[in-house]
Amino acid sequence: KRRTDTYGQSDVVAVVVNKDRVARMEMTHISTLTDKTFPTLLAEERLVIVVFHLPWDVRSKAFMYSYSEASKTLTDTQCNVTLAHVACDDWTDVCKLNNITAYPTTRVYVGGAFLKDYKGMLDTTEFVNFVKLLQIPAPIELKSAEDTAAFIAGTVPELLRNATHASVVG
């Protein structure tokens, strides 16, 4: 017999996500976007990451918890990024204009234009590392033999220190 929670959920992911229905996510560092505020925020901010989600969807809920935790971490590390979210069941027009067909979808916008979708793991650490990598110029310019030697030896910019485990020199 499958285990169920007190609400009759037998889906393991749903049980985990819904186990603490009373607890609220910390969303103070995440902007809530509407059809009016979405284009305004993209025009005003250099780097914006938006999660398009359905508040009742289990995967969306799970990632929103990670996104909330990431917002606190990124605020503490002073990353220059604006985090936002769109509830697609309330703002279907915004999601339709952005061709959102799967939930959650996390999009990166730079200078008001779409850059790329986040395709990584839906957990706090991976997402924070992804945002840190967006903060540095790519590629990193090594201007001297000393810079190159230091890079090969493992000396990297501060933001990259814990963000990636791979380096390519070429």
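Please refer to the structure placed before this passage.
In this text, all values refer to a predicted model and were calculated from it rather than measured experimentally.

A. The overall build of the chain, seen in detail. For the chain, the count of helices and strands is six helices and five strands. Helices and strands in the chain line up, N terminus first, as α-β-α-β-α-β-α-β-β-α-α. Looking at the chain as a whole, 36% of its 170 residues are labelled buried. For the chain, contacts bridging at least 24 residues in sequence account for 70% of all contacts bridging at least 6. Element-wise, carbon and sulfur atoms account for 53% of the exposed surface of the chain, whose accessible area totals about 10700 Å².

B. Main features of the packing of aromatic side chains. Scanning all chains against the criterion turns up nine aromatic pairs. Look at Tyr 118 and Phe 127: their rings are 5.3 Å apart centre to centre, the planes differ by 85 degrees, and that puts the pair in the edge-to-face class. Each member of the pair, Tyr 118 together with Phe 127, is buried. Directly above the ring of Phe 114 sits Arg 107, whose terminal nitrogen or CZ lies 4.9 Å from the centroid.

C. Just helix H5 (residues 124-134), in detail. Among all positions in H5, only Phe 127, Val 128, Asn 129, Phe 130, Val 131, Lys 132 and Leu 134 are buried. In the core, the buried residues of H5 are packed alongside strand S2 (47-53), helix H3 (58-76), strand S3 (82-87), strand S4 (105-110) and strand S5 (113-117).

D. Representation of the pairing of S4 in the model. The element S4 is extensively covered by neighbouring structure, given that five of its six residues are classed as buried. With six bridges joining them, S2 and S4 adopt antiparallel strand pairing. Residue pairing for S4: Ile 49 is matched across the bridge by Val 108. Relative to S5, S4 runs antiparallel, the two being bridged by four bridges. Across the sheet, Val 110 pairs through a bridge with Ala 113, a residue of S5.

E. A look at the packing of H3 against H5. For the pair H3 and H5, the least separation of the axes is 9 Å and the interaxial angle reads 50 degrees. On the basis of their axis angle, the class for H3 and H5 is oblique. The two elements H3 and H5 meet at a crossing, and its hand is right-handed. The segment H3 lies against H5, with Phe 63, Ser 66, Tyr 67, Glu 69, Ala 70, Thr 73 and Leu 74 engaging Thr 124, Phe 127, Val 128 and Val 131.

F. Here's a closer look at the nonpolar core. By size, the foremost hydrophobic cluster in this structure holds 19 residues, and its most contacted members are Ile 49, Tyr 67, Leu 74, Val 81, Leu 83 and Phe 127. For this core, the secondary-structure elements that each account for two or more residues are S2, H3 and H5. Apart from residues lying up to four places away in sequence, Leu 74 is in contact with Cys 79, Val 81, Leu 83, Phe 127, Val 128 and Val 131. Judged by nonpolar contacts, the second largest core, of 15 residues, contains Leu 42, Leu 54, Val 86 and Val 94.

G. Quick peek at unusual backbone geometry. The amide bond that connects Tyr 103 to the next residue, Pro 104, takes the cis arrangement and shows omega of -10 degrees. Within the secondary structure, Pro 104 sits in the loop between helix H4 (92-97) and S4. The backbone of Asn 99 shows a phi angle near 55 degrees, a positive value even though the residue is not glycine. Accessibility expressed as a relative area gives 60% for Asn 99, which makes it exposed.

H. Representation of the sheet that holds strand S1 (residues 30-32) within the structure. With mixed pairing, the five strands of this open sheet are ordered in space as S1-S3-S2-S4-S5. Sheet topology places S1 and S5 at the edges, where each strand pairs with a single neighbour. Here the average twist between neighbouring strands, direction ignored, is 30 degrees. Contacting S1, S2, S3 and S4, helix H2 (residues 37-44) crosses the sheet at an angle of about 155 degrees to S2. Packed on one face of the sheet, H3 meets S1, S2, S3 and S4 and runs near 160 degrees to S2.

Thresholds, definitions, all that
Residues numbered from 1 in each chain as written. Predicted model: local features only at pLDDT ≥ 70, side-chain atom pairs only at ≥ 80, totals over all residues. Heavy atoms only, no water. Helix = DSSP H or I, 4+ residues; strand = E, 2+ residues; numbered from the N terminus. Buried < 20%, exposed > 50% of the residue type's maximum accessible area, 1.4 Å probe, protein only. Contact = heavy atoms within 4.5 Å. Areas by Shrake-Rupley, 256 points an atom, 1.4 Å probe, with all protein chains shown as cover. Phe/Tyr/Trp six-rings, centres within 6.5 Å; stacked < 30°, edge-to-face > 60°. Lys NZ or Arg CZ within 6 Å of the ring centre and 35° of its normal. Pairing = 2+ DSSP bridges. Axes fitted to C-alpha atoms, helices over the stretch in contact; angles between N-to-C directions. Parallel < 35°, antiparallel > 145°, perpendicular 65-115°, else oblique. Left-handed = near helix turned anticlockwise from the far one by under 90°. Core = buried A, V, L, I, M, F, W, Y, C linked by side-chain atoms within 4.5 Å.

In short, geometric facts, not functional conclusions.
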